[in-house]
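# Fold and geometry: a report
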Amino acid sequence: MFDTKKFPGKRTFYKWSAPGVIEIALLADGVPADKLYPLDLERAFKKLDTIKSDIVWWGGGAESQQLIASGEATFGQLWNGRVFALEKDGADVGVSWNQNLTAADVLVVPKGAKNKDAAMKFLAAASSPAGQAKFAEASGYAPINTKAKAEMPADAVKALPDAHVDGQINLDMNYWAEHRDEIATRWYAWQAK
Amino acid sequence: MSVETRQSLPTFRMPAGFNGLLPALVLIVLFFVVPVMALLLRSVTEPEPGLQNYAALLGDGTYARVFFNTFLVASVVTIVTILVAFPVAWMLAIMPSALASIVFGVIILSMWTNLLTRTYAWMVLLQRTGVINRTLMAAGISDQPLPLINNLTGITIGMVYIMLPFMILPLVGTLRAIDPMTLRAAALCGASPFQAFRRILLPLSLPGIAAGGLMVFVMSLGYFVTPALLGGTSNMMLAEMIAQMIQSLLNWGLGSAAAFILLVVTMALYALQLRLVGARRMSGGA
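Quick look at the overall build of chain A now. Looking only at helices and strands, chain A has eight helices and five strands in total. Along its sequence from the N terminus, chain A presents helices and strands in the succession β-α-α-β-α-β-α-β-α-α-α-β-α. Dimensions of chain A, computed from C-alpha atoms along their principal axes, come out at roughly 50 × 40 × 30 Å. Here the analysis covers contacts within chain A between residues at least 6 apart in sequence; of these, 57% occur between residues at least 24 apart. Counting every atom, chain A has about 11100 Å² of accessible surface; 53% of that belongs to carbon and sulfur.

Below you can see the structure in the form of structure tokens.
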């Protein structure tokens, strides 16, 4: 990602301040995976400076797919489900799972929601083994219900990030929750430079 | 409102025709003045009462760069627009009117097409794998894709194209009002075409250039879609920064303060425009 001589061409990263880009910059600069947090922002931005003019930013999932599919960017850091969908559509793309980063998403019912019971029923259905199996097969994202894989076709299970736990790194959402504003301010200041 | 009061004290009288303005005025107060006041209020009360949002905006290098970028882009766009629009406006002014109305139609038609569609069309043309770069590379003119997008070049091309009608229309009005005999007289007196342009045509068309130029400049200051899609992160303009502050950082106070600064600058420029050109000329009475 950071070797422009070996891998020329534009690389595409997520435009907004969010977990992911800073982590891979540090990894590329030699920080061991278990020493990522607390994030050394100074070091990360210095590393990012070396490829700044080779970055095309994607602002949303669809844009990341469009940039890769059109060849506008040669490679990048994408949500695996987006690449999965491109592959399904027959685009000539592939994934390197080396040092893949994972994060969990959450389903939320806000306080005082009008149809709380129905929402809770939906959560139960969505997180059930059957619901998660269908979601994982369609999206390429790993199921959160450990029983879901038993209900999925074997080749669909193989396509999940779960099949690539070697060198997999979990993003520290607690750290990000605490330092969100501080990182965001520096992130946008660096981008605008 | 127009009933005369026979008082010796000076009274405030509504100008004639005020009643007709009422519906529009109510609309503007409800949907513009009130929200702007709310914005102003937010900018001095969030997260706590005080002017810290303005201090943060004016004292920070990053924001200063965004302000600078905004004025840079608006200036470049205005200058390029004037340079491109002038010859077009001159041709339109001296063309037979049947032909001119067709050209006018084409110019107006472009304004009626959706802005987002037009900007995306530019993306297709300008990107590295876009029509222009593919053609240039296939023809062997360049061996690498030219950087036409995600930078100032991209913003300028996209915005000049959108702003052109706003420059051409007032210019044509001004140029048509110039007596062609003045140019003939200049030629008879031995002026070269360039001298005639510089000493006759240019000074006489200055009100049109000023009117169109300020309009383009002021519109460019607050532009969002085109710079966001055709510019890079280092060309960020104020409107984009405001969106980022509110959508991504949820910092309503700072975003409101930035929006209010933009509004004040815009109003100041508009006031300058009124003074320079005069309200009557602005509205097309040149």
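Moving on: the sheet that holds strand 1 (residues 11–14) of chain A. Residues and elements named next belong to chain A. Across the sheet, three strands lie side by side as 2-1-3; this open sheet has parallel pairing. Edge positions in the open sheet fall to strand 2 (55–58) and strand 3 (75–76), since each of these has one partner strand only. Across four bridges, the pairing between strand 1 and strand 2 is parallel. Bridged to Tyr14 within strand 2 is Trp58.

Right, let's get into the interface of chain B and chain A. At the interface, 15 residues of chain B touch 16 residues of chain A. Note on chain B versus chain A: buried area summed over both sides is about 1500 Å², and carbon and sulfur give 50% of it. If you sort the residues of chain B by the area they bury against chain A, Arg128(B), Thr233(B) and Leu249(B) come out on top, with a joint share of 34%. Across the contact surface, chain B and chain A share five residue pairs in polar contact (both at pLDDT 80 or more). Contributions of two or more residues to the side of chain B that touches chain A are made by helix 3 (61–94) and helix 11 (238–248) of chain B. Looking at the side of chain B that touches chain A element by element, the count peaks at three residues for helix 11 of chain B. In terms of residue class, the side of chain B that touches chain A is made up of three nonpolar, eight polar and four charged.

Residue and element names in this part refer to chain B. On the surface, a cluster of nonpolar side chains totalling about 580 Å² of accessible area is made up of Leu22, Leu25, Val26, Leu27, Leu30 and Phe31. Summarising the element assignment, Phe31 is placed in helix 1 (residues 18–45). The exposed category is assigned to Phe31, whose relative accessible area is 60%.

Moving on to the layout of surface pockets. In this structure, the second largest pocket spans a volume of roughly 1200 Å³. If you trace the second largest pocket, you find 45 residues lining it, with Trp57(A), Asn150(B), Ala228(B), Leu229(B) and Gly231(B) closest to the centre. For the lining of the second largest pocket, the elements supplying multiple residues, two or more each, are strand 2 and helix 3 (61–69) of chain A together with helix 5 (115–126), helix 10 (225–230) and helix 11 of chain B.

For any pair of aromatic rings, the description consists of the separation of the ring centres together with the inter-plane angle of the planes. All names here are of chain A. A complete count under the given rule lists 14 aromatic pairs over all chains for this structure. Relative to Trp58, the ring of Tyr14 has its centre 4.7 Å away and its plane inclined at 40°; by these criteria the two rings are tilted. A residue pair is termed long-range when its members are at least 10 positions apart, and Tyr14 in strand 1 and Trp58 in strand 2 qualify at 44 residues. On the numbers, 6.0 Å between centres and 40° between planes, the contact of Trp187 with Trp190 is tilted. Of this pair, Trp187 and Trp190 both sit in helix 8 (residues 173–192), three residues apart, which is roughly one turn of the helix. We classify Trp187 as buried; its relative accessible area is 2%. Through successive ring pairs, a cluster of aromatic residues spans Phe45, Trp57, Trp187 and Trp190. One residue, Lys52, lies across the ring of Trp190, its end atom 4.5 Å from the ring centre.

Below, the discussion takes up the pairing of strand 1 of chain A. Pairing of strand 1 of chain A with strand 3 of chain A involves two bridges; the strand directions are parallel. Considered in strand 3 of chain A, the bridge of Thr12(A) is made with Gly76(A).

We now examine helix 8 (residues 180–188) of chain B. Of the residues that open helix 8 of chain B, the one with a side-chain oxygen 3.0 Å from the backbone nitrogen of Met181(B) is Asp179(B). In the stretch just after helix 8 of chain B, Gly190(B) is the one whose phi turns positive, near 95°.

Procedures and definitions
- Residues numbered from 1 in each chain as written.
- Chains lettered and ligands numbered in written order.
- Predicted model: local features only at pLDDT ≥ 70, side-chain atom pairs only at ≥ 80, totals over all residues.
- Heavy atoms only, no water.
- Helix = DSSP H or I, 4+ residues; strand = E, 2+ residues; numbered from the N terminus.
- Contact = heavy atoms within 4.5 Å.
- Areas by Shrake-Rupley, 256 points an atom, 1.4 Å probe, with all protein chains shown as cover.
- Pairing = 2+ DSSP bridges.
- Buried area = accessible area lost by both parts, 1.4 Å probe.
- Polar contact = N/O pair within 3.5 Å; in protein donor to acceptor, adjacent residues only side chain to side chain.
- Nonpolar A, V, L, I, M, F, W, Y, C, P; charged D, E, K, R; others polar.
- Patch = residues over 30% accessible without salt bridge, like charges linked within 9 Å, V, L, I, M, F, W, Y side chains within 5 Å.
- Salt bridge = Lys/Arg side-chain N within 4 Å of Asp/Glu carboxyl O.
- Buried < 20%, exposed > 50% of the residue type's maximum accessible area, 1.4 Å probe, protein only.
- 1 Å grid on protein atoms, 1.4 Å probe; cavity = no way out; pocket = protein on both sides within 12 Å on 5 of 7 lines; lining within 4 Å.
- Points joined across faces, edges and corners; volume = space filled by probe spheres on them.
- Phe/Tyr/Trp six-rings, centres within 6.5 Å; stacked < 30°, edge-to-face > 60°.
- Lys NZ or Arg CZ within 6 Å of the ring centre and 35° of its normal.

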